[in-house]
Amino acid sequence: MDVLTSPTPRASRVRGACPSLAAGSSSRLRPSFRPFLVKFGSLPPLRSSLKVSSPISSAEEVEKNDAADLAIWDLTSGTVSLSPLDGRYMQKVKDLRPFFSEYGLIRYRVLVEVKWLQKLSQIPEVVEVPQFSQDAHLFLESIIDNFDITDAIEVKKIEKITNHDVKAVEYFLKQKCKSHLEIAKVLEFFHFACTSEDINNLAHALSLKEALSDVVFPVMVDLCKEISTMAKEHAHIPMLSHTHGQPASPTTLGKEMANFAVRLSERGKAFSKIRILGKFAGAVGNYNAHKVAYPDINWKCIAAEFVQSLGVDFNAYVTQIEPHDYIAELFNNIIQFNNILTDLDRDIWSYISLGYFKQITKAGEIGSSTMPHKVNPIDFENSEGNLCLANAILSALSMKLPISRMQRDLTDSTVLRNLGVGLGYSLLAYKSALQGIKKLQVNESRLNEDLDQTWEVLAEPIQTVMRRHAVPEAYEKLKELTRGREVSKQSIREFTESLDLPEEAKAILLNLTPNSYIGEAEELAKSVDEAVDLVNGFKLP
Ligand SMILES: O=C(O)C[C@H](Nc1ncnc2c1ncn2[C@@H]1O[C@H](COP(=O)(O)O)[C@@H](O)[C@H]1O)C(=O)O
């Protein structure tokens, strides 16, 4: 499976490797490398006048090439790829490839087909498939465990003839097993009574479940942890609020981060209620063929057992397809998580723009190509941009997938090939936000400067205490003092001194500064862990 984590030349032949648009870069490649790219579809052929003299003509020869060539391959395939997820950002999202590449889909299909044959051998009434020996089971398991890119390519070759991607998997398995005497006798029971969707829906369910648990959730959790850590570290640091973009009652930096940590972790908790569903009920969901072939078997029970044995919840009421409602529910929750993160990205962008955060600089890095002084908030901008793409794709999938004409149409097939794209843009956005957060440095003097210049924020507590002590027209008096006027520490103090208030109340007001007028913000931020439960990470049920 490792082969999919780096785009080796052979991997590029599987569906999913994008053909190039970037013809212009071709003539700068090392001569030995270029013909390979042409051969496998990553570059258009050169005009004859540009042809290099000693071309390498086969994949085998290229594979013998040195590590430097492969490094160039990495760089080159990234530079010419159509999709930025497979190009510029490949390193950040490549962990999703084993699950959502076409290789991944074929591998999961192989797994489901093999497990179904094994299950049939355990049903006593299916006498034609006797209990497999341990050797036969081991042989079948090894097909799953040792599945590699060569196998995937073999399936693709068969698909070229069948023009049916699932049938190609069945033929591949028959081919693979015909050398095993015991299994060879029951080859016709591969894909027995199945429609392709029986295989596909479970393959997609497994890829989603495993990719989320192994790759996406851990990064979401890291993000929440990082934000809660900020909440606790900066719990006590006062910050001017900006409702409507205007100076408003102070908060603390930590408390604002705590809000995000809690919101994001609530979305995380919601995953535990979303059941990943699977069907295995044949061509139109009623076990029609099954019942004719073996009338005495309780096929619904067998299907439920089989689906659950793969770690997927059973959906009994289906057409040809599992209706994908759970994918919509799952993606809607991710969309909400992404929306909250967009809100955080924009807030941090704004705080950086106000100077409340500085960003740690790295020698050699450039901020602006023309304004040498700049340190731009590019990580948060990258995150926001990719969240926009992620949500566009995830919501397109969530709106489309639950709709299929009558007992099925095939529109979902091509759409489902993009599950990893929506999650890929999400993962990239999470990683960019994390990268940005790690560079942040609080600029306390700048925060204090703003607080020091906005003594008018004390108008709210003064008028509230005046109202408590029944001073008439409290609000109106403070409005007269502060609205649209220059307000200083001095003018606020003089006003407070002049009030007809009990001495104790007055002393409290005179002690108040914009820095100390933060309510319970510090305590709320410090106790963020009570509201954010990340110990067990995010989990599907
Ligand atoms: O089990 C069956 O096949 C039943 C059949 N329904 C189908 N169900 C699932 N896959 C099918 C179906 N039909 C075609 N194909 C094959 O799907 C592939 C579609 O390719 P793409 O649009 O690139 O995603 C592409 O490989 C297609 O050949 C029906 O008639 O109801």
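Rules used throughout
- Every chain's residues receive numbers from 1 upward, in the order its sequence appears when written.
- Local features in this predicted model are restricted to residues of pLDDT 70 or higher, and side-chain atom pairs are both shown and tallied only at a pLDDT of 80 or more, whereas totals for entire chains, interfaces and linings draw on every residue.
- As a rule here, side-chain values come from all non-hydrogen atoms in the structure, and water together with hydrogens is ignored.
- UniProt positions are given in the numbering used here, feature names are shortened, and annotations may be inferred rather than shown by experiment.
- Secondary structure elements are taken from DSSP: a helix is a run of H or I of four residues or more, a strand is a run of E of two residues or more, and numbering for both begins at the N terminus.
- Ring pairs shown here join Phe, Tyr and Trp side chains whose ring centres sit within 6.5 Å, with only the six-membered ring taken for Trp; geometry is labelled stacked below 30 degrees between planes, edge-to-face above 60, and tilted in between.
- Under the scheme applied here, a residue whose accessible area is under 20% of the maximum for its type counts as buried, over 50% as exposed, and between as partly exposed, the area being computed with a 1.4 Å probe on protein chains only.
- The near set for a molecule or strand comprises every residue that places at least one heavy atom within 4 Å of it.
- Two N or O atoms form a polar contact when they lie within 3.5 Å of each other; inside protein one atom must be a possible hydrogen donor and the other a possible acceptor, and for residues adjacent in sequence the pair counts only when both atoms belong to side chains.
- Where accessible areas are quoted, they stem from the Shrake-Rupley method and a 1.4 Å probe; at the residue level, only the protein chains shown are allowed to cover.
- Here the nonpolar group is Ala, Val, Leu, Ile, Met, Phe, Trp, Tyr, Cys and Pro; Asp, Glu, Lys and Arg are the charged ones; every other residue, Gly included, is treated as polar.
- Angular values range over 0 to 180 degrees, each being the angle between N-to-C directions of two axes fitted as lines to C-alpha atoms, with helices fitted over their stretch in contact.
- Each angle is binned into one of four classes, with values under 35 degrees roughly parallel, values over 145 roughly antiparallel, values of 65 to 115 roughly perpendicular, and all other values oblique.
- Here a crossing is taken to be left-handed if its near helix is turned anticlockwise relative to the far helix by less than a right angle, and right-handed if that turn runs clockwise.
- The contact definition used throughout considers only heavy atoms, calling two residues in contact when any of these lie within 4.5 Å.
- The salt bridge definition used is simple: a Lys or Arg side-chain nitrogen within 4 Å of an Asp or Glu carboxyl oxygen.
- Two strands make a pair as long as DSSP finds a minimum of two bridges between them.
- By convention a nonpolar core is built from buried Ala, Val, Leu, Ile, Met, Phe, Trp, Tyr and Cys residues, the set being connected through side-chain atoms within 4.5 Å.
- One fewer than the residue count of a helix, multiplied by 1.5 Å, yields its expected span.
- Known as pLDDT, the predictor's confidence for each residue is given on a scale from 0 to 100.

- The name that an unreviewed UniProt entry assigns to the chain is Adenylosuccinate lyase, with the source organism given as Zingiber officinale.

## Examining the UniProt feature "domain: Fumarate lyase N-terminal" (unreviewed entry) in the chain
Working step 1: Sites flagged by UniProt as "domain: Fumarate lyase N-terminal" (unreviewed entry) map to residues 87-386.
Working step 2: Secondary structure over residues 87-386 splits into 61% helix and 7% strand, and the C-alpha atoms at its two ends are 15 Å apart.

## Looking at the packing of aromatic side chains
Working step 1: Using the criterion set out here, one finds 15 aromatic pairs in the structure.
Working step 2: Judged by centre distance (6.3 Å) and plane angle (40°), the rings of F271 and F538 are tilted. In this pair, F271 is assigned in the loop between α12 (253-270) and β3 (277-278) and F538 in the segment after α25 (528-531), connecting sequence segments 267 residues apart. Of the two residues, F271 and F538, neither departs from the other in class, the shared state being buried.

## Some words on the site of the ligand
Working step 1: The environment of the ligand is made up of twelve residues, and the closest members are N163, H164, T195, S196 and S413.
Working step 2: Within the side chain of R408, one N or O atom sits 3.1 Å away from a nitrogen atom of the ligand.
Working step 3: In the complex, the protein chains occlude 66% of the 630 Å² of accessible area that the ligand would expose alone.
Working step 4: In the shell around the ligand, the residues fall into one nonpolar, seven polar and four charged.

## Description of the packing of α12 against helix α15 (residues 325-354)
Working step 1: It is at 9 Å that the axes of α12 and α15 come closest, and there the two elements cross at 165°. Our classification of the angle between α12 and α15 gives roughly antiparallel. Crossing of α12 over α15 shows left-handed handedness. Touching E256, M257, F260, R263, L264, R267 and A270 of α12 are N333, Q336, F337, I340, L341, D343, L344, D347, I348 and Y351, all from α15.
Working step 2: The class makeup of the residues in the contact of α12 with α15 is ten nonpolar, two polar and five charged.

## Section: the pattern of salt bridges
Working step 1: Tallied over the entire structure, the rule returns 27 salt bridges.
Working step 2: Its salt-bridge partner being R446, residue E449 comes within 3.9 Å of it at the nearest N-O pair. With E449 and R446 both in helix α19 (residues 444-452) and three residues apart, this pair spans about one turn of that helix.
Working step 3: A salt bridge links K526 to E522; its shortest N-O distance comes to 2.8 Å. With K526 and E522 both in helix α24 (residues 521-526), this residue pair falls four residues apart, about one helical turn.
Working step 4: Residues participating in the shared-partner salt-bridge network are E102, R109, K156, E159, D165 and R417.

## Quick notes on the pairing of strand β2 (residues 246-252)
Working step 1: The pairing of strand β1 (residues 238-243) with β2 spans five bridges and is antiparallel. What sits directly across from P238, in β2, is T252.
Working step 2: The turn linking β1 back onto β2 is made up of two residues, and H244 within it adopts a positive phi angle of 60°.

## Things to note about the nonpolar core
Working step 1: In terms of nonpolar packing, the biggest core is built from 135 residues, with F280, F331 and Y430 touching the most fellow members.
Working step 2: The dominant element in this core, judged by the number of residues it contributes, is helix α11 (residues 196-233), at 19 residues.
Working step 3: Ignoring any residue separated from it by four or fewer positions in sequence, one finds F280 in contact with V112, W116, C194, D198, I199, L202, Y287, H290, A303, F306, V307 and F314.
Working step 4: In terms of nonpolar packing, the next biggest core, distinct from the first, is built from 16 residues, A459, L478, F495 and L512 among them.

## Describing the side chain of K119
Working step 1: Residue position: K119 is located in helix α6 (residues 102-120).
Working step 2: By relative accessible area, K119 is classed as buried at 13%.
Working step 3: When sequence neighbours within four positions are dropped, the list of residues in contact with K119 reads I302, E305 and F306.

## Quick word on α15
Working step 1: Its 30 residues place the ends of α15 44 Å apart at the C-alpha level, agreeing with the 44 Å of an ideal helix rising 1.5 Å per residue.
Working step 2: Immediately beyond the C-terminal end of α15, within one or two residues, lies G355, with a positive phi of roughly 85°.

## Things to note about the confidence of the model for the chain
Working step 1: Per-residue pLDDT for the chain averages 89, and the proportion of residues at 70 or more is 87%.
Working step 2: Counting contacts from residues 1-58, a segment whose pLDDT is below 50, to residues more than four positions away or on other chains yields 109 contacts.
Working step 3: Taken together, the chains of this predicted complex give a pTM of 0.88 and an interface ipTM of 0.97.

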